[in-house]
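Breakdown of the fold
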Amino acid sequence: MGKKLLLLFLTAALILPVRAENEEKKINLWQDVAIVSAVTCVYVLVLPDTRRRIFHEASLERVWRNFQDPINSAIQGGKSDHNSFWVNYVGHPLSFACLGLYLKDRGYSNGGALLFSQTLNIVWEYVIEGSMWLPSGKDLLTDLCGSLAAIYVLDPLSDSGEKRIASGDRRWGNYFLYYLNPFKKINRWIFGRRQKSAGFYVFPAQGGFVAGLHWQK
């Protein structure tokens, strides 16, 4: 009986933490696709010039031509992109940095968040704007840079600040790091706090083993 109980404990110790980790990282891809698509549609409709042109000048033929020669289309589009510095080099990377931070807090891996954000980048440049004019190589690059900075720099720094605060180090610098990803708070307001999942632990102690449960967000 004792051996069977020990085997049960050891099996649970191996299986339950894996299950807890998977639950912690569980993502809702279609919900996020729907949310990002809705935000994109609202953005298109809010801009008067874009709204007018997409209803009167948009053409699937342009989209097809863009994808027939994607590199040259992006190069030529970048040369004809005369938007202001604030639009091309602040607004674009900032918007995709926000998307990257949103996705990371939603549980996406670095690769998953990058793939999601750059799929939107391509759709925006080659399909949405591409239905009206050539895709801008400038925008493709600055959007990519914004996503990379968010996923590989800002979010890890935010996680570092969060861990320090949780350990009791409540200096202002740690809060500054934590809020580098504001979606840690925003997503909780929208979706609620993530459910905690249980994990089982077993470790040797004098005269036998100690077992118990731990909880993680």
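Predicted model only: the values in this text are computed from it and were never measured.

It is worth spelling out the overall build of the protein at this point. Along the backbone of the protein there are 10 helices and two strands. Counting from the amino terminus, helix and strand elements in the protein follow one another as α-α-α-α-α-α-α-α-α-α-β-β. Here the protein holds 217 residues, and 32% of them are scored as buried. A separation of at least 24 residues holds for 67% of the contacts in the protein among residues at least 6 apart in sequence.

The next thing to look at is the confidence of the model for the protein. Note: predicted coordinates in regions of low pLDDT should not be interpreted at a detailed level. Residues with a pLDDT of 70 or more make up 77% of the protein, whose mean pLDDT is 82. Mean pLDDT per element in the protein: helix 1 (residues 2–24) is the minimum at 39, and helix 8 (residues 137–166) is the maximum at 97. Here residues 1–23 scores under 50 on pLDDT; set against residues more than four positions off or in separate chains, the count is 18 contacts.

The next point concerns the nonpolar core. Formed by 14 residues in total, the largest nonpolar core has its most connected members in Leu99 and Leu103. Breaking this core down by element, the ones donating at least two residues are helix 6 (85–105), helix 7 (110–128) and helix 8. Here this core gets six residues from one element, more than from any other, and that element is helix 6. Setting aside residues no more than four positions away along its own chain, leucine 99 makes contact with Val36, Ser117 and Leu120.

A word on the environment of lysine 138. With respect to the helices and strands, lysine 138 occurs in helix 8. Of the residues examined, lysine 138 reaches a relative accessible area of 29% and is grouped as partly exposed. Sequence separation between lysine 138 and histidine 92 is 46 residues; the distance between their C-alpha atoms is 9.6 Å. What lysine 138 contacts, discounting residues up to four positions off in sequence, is Gly78, Asp81, Asn88 and Tyr89. There is a polar contact of 3.0 Å between the side chain of lysine 138 and the backbone oxygen of aspartate 81.

Turning next to the side chain of histidine 92. Inspection of the secondary structure assignment puts histidine 92 in helix 6. Judged by its relative accessible area of 12%, histidine 92 is buried. A polar atom in the side chain of histidine 92 sits 3.5 Å from the side chain of aspartate 139. Once you skip the residues sitting within four places of it in the chain, histidine 92 turns out to touch Val87, Trp124, Glu125, Asp139, Thr142 and Asp143.

Here the focus is the environment of glutamate 125. Structurally, the position occupied by glutamate 125 is in helix 7. Since its relative accessible area comes to 0%, glutamate 125 is described here as buried. The spatial distance from the C-alpha of glutamate 125 to the C-alpha of alanine 74 is 8.7 Å, given a sequence separation of 51 residues. Not counting residues up to four positions away in its chain, the partners in contact with glutamate 125 are His92, Gly130, Pro135, Ser136, Asp139, Leu140 and Asp143. Here the side chain of glutamate 125 touches serine 136 through a polar contact of 3.0 Å, landing on its backbone nitrogen.

Below, the discussion takes up the pattern of salt bridges. Evaluation of the coordinates by the stated rule reveals seven salt bridges. Among the salt bridges present, the one from arginine 53 reaches glutamate 57, with a minimum N-O distance of 3.1 Å. You can call arginine 53 partly exposed: its relative accessible area is 21%. The partly exposed category is assigned to glutamate 57, whose relative accessible area is 28%. Between glutamate 61 and arginine 65 there is a salt bridge, with the nearest N and O atoms lying 3.2 Å from each other. Of this pair, glutamate 61 and arginine 65 both sit in helix 4 (residues 60–68), four residues apart, which is roughly one turn of the helix. Here the salt bridges do not stand alone but share partners, grouping Arg52, Arg53 and Glu57 into one network.

Moving on to the packing of helix 2 (residues 29–46) against helix 3 (residues 48–56). Packed helices, taken two at a time, are described by the angle between their axes plus the distance between the axes. It is the contact of helix 2 with helix 3, at a shortest axis distance of 5 Å, that shows an interaxial angle of 100°. One finds that helix 2 runs roughly perpendicular with respect to helix 3. Together, Val44, Leu45 and Val46 of helix 2 and Pro48, Thr50, Arg51, Ile54 and Phe55 of helix 3 make up the contact between the two elements. By residue class, the composition of the contact of helix 2 with helix 3 is six nonpolar, one polar and one charged.

Here is what the cut-offs are and how they apply
- Residue positions are given per chain, counted from 1 along the sequence in the order it is written.
- For this predicted model, a pLDDT threshold of at least 70 governs which residues receive local features, and a threshold of 80 or more governs which side-chain atom pairs are given and counted, while totals over whole chains, interfaces and linings are taken from all residues.
- Note that the side-chain values use all heavy atoms of the structure and ignore hydrogens as well as water.
- Secondary structure elements follow DSSP: runs of H or I no shorter than four residues count as helices, runs of E no shorter than two count as strands, and numbering proceeds from the N terminus.
- When accessible area is computed with a 1.4 Å probe and restricted to protein chains, residues below 20% of their type maximum are described as buried, those above 50% as exposed, and intermediate ones as partly exposed.
- Every residue pair with non-hydrogen atoms within 4.5 Å of one another is taken to be in contact.
- Each residue carries a pLDDT score, the predictor's confidence in it, ranging from 0 to 100.
- In these notes, a set of buried Ala, Val, Leu, Ile, Met, Phe, Trp, Tyr and Cys residues joined through side-chain atoms within 4.5 Å is what counts as a nonpolar core.
- Polar contacts, as used here, are pairs of N or O atoms within 3.5 Å; protein pairs need one atom able to donate a hydrogen and one able to accept it. Residues neighboring in sequence count only if both atoms are side-chain atoms.
- We define a salt bridge as a contact between a side-chain nitrogen of Lys or Arg and a carboxyl oxygen of Asp or Glu at a distance within 4 Å.
- Interaxial angles span 0 to 180 degrees and are taken between N-to-C directions of axes, which are lines fitted to C-alpha atoms, for helices over the stretch in contact.
- The labels follow the angle: roughly parallel below 35 degrees, roughly antiparallel above 145, roughly perpendicular from 65 to 115, and oblique for the rest.
- Under the grouping applied here, Gly and all other residues not named as nonpolar or charged are polar, the nonpolar ones being Ala, Val, Leu, Ile, Met, Phe, Trp, Tyr, Cys and Pro and the charged ones Asp, Glu, Lys and Arg.

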